[in-house]
Amino acid sequence: MSIRITGRTGDVTTAMKAKAAAKVDKFSRFYDRITWIDVVLDVEHARNSVDMSAGLNQGQTIVGKAESDDMYKAIDLAIDKITRQLRKHKERQRDHRPRRGGATPPTGGDDGTED
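Residues numbered from 1 in each chain as written. Predicted model: local features only at pLDDT ≥ 70, side-chain atom pairs only at ≥ 80, totals over all residues. Heavy atoms only, no water.

## Considering the nonpolar core
At step 1: If you look at the biggest cluster of nonpolar residues, it comprises 25 residues, and the most contacted ones within it are Val39, Leu41, Val50 and Met52.
At step 2: Residue assignment for this core shows that the elements contributing at least two residues are helix 1 (14-25), strand 2 (34-43), strand 3 (48-56), strand 4 (61-68) and helix 3 (71-95).
At step 3: Here the element with the most residues in this core is helix 3; it accounts for seven residues.
At step 4: Leave out the neighbours within four places in its chain, and Leu41 touches Ile5, Thr6, Gly7, Arg8, Thr9, Val12, Met16, Lys17, Ser49, Val50, Met71 and Ile75. (Core = buried A, V, L, I, M, F, W, Y, C linked by side-chain atoms within 4.5 Å. Buried < 20%, exposed > 50% of the residue type's maximum accessible area, 1.4 Å probe, protein only. Helix = DSSP H or I, 4+ residues; strand = E, 2+ residues; numbered from the N terminus. Contact = heavy atoms within 4.5 Å.)

Okay, here's the thing in structure tokens:
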């Protein structure tokens, strides 16, 4: 999994980048099919925002955006959004697996023969 953390405008400290990297690194333990994660930190006067996108190996992209007056809080909010989406994605995958026992034969209906 490749992680890219960038700052858009303003002063993005190394501590902010380190916190984002530490939080994002935990995704690999939770879901192993993430191929890349991009984190964009944007610091303006009273508005701090975080844009996260995670690419899955099926070609899907999950996006989480958050704003807060504190950058660390915005990072946590964006992480929570991505985590919820990943859980939902995992549940969908689990629900769509074929069931054991094979397919049941169709009952009644047209079997292609004429009476």
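## A short note on the pattern of salt bridges
At step 1: Enumeration according to the criterion identifies seven salt bridges in this entry.
At step 2: In this structure, the salt-bridge partner of Arg8 is Asp51, at a minimum N-O distance of 3.4 Å. A residue pair is termed long-range when its members are at least 10 positions apart, and Arg8 in the loop between strand 1 (2-7) and helix 1 and Asp51 in strand 3 qualify at 43 residues.
At step 3: On the accessibility criterion, Arg8 (47% relative accessible area) is partly exposed.
At step 4: We note a salt bridge from Glu67 to Arg47, for which the minimum N-O separation is 3.3 Å. Within this pair, whereas Glu67 is found in strand 4, its partner Arg47 is found in the loop between strand 2 and strand 3, the two being separated by 20 residues in sequence.
At step 5: The class of Arg47 is partly exposed, set by a relative accessible area of 33%. (Salt bridge = Lys/Arg side-chain N within 4 Å of Asp/Glu carboxyl O.)

Taken by themselves, the reported measurements are silent on function.
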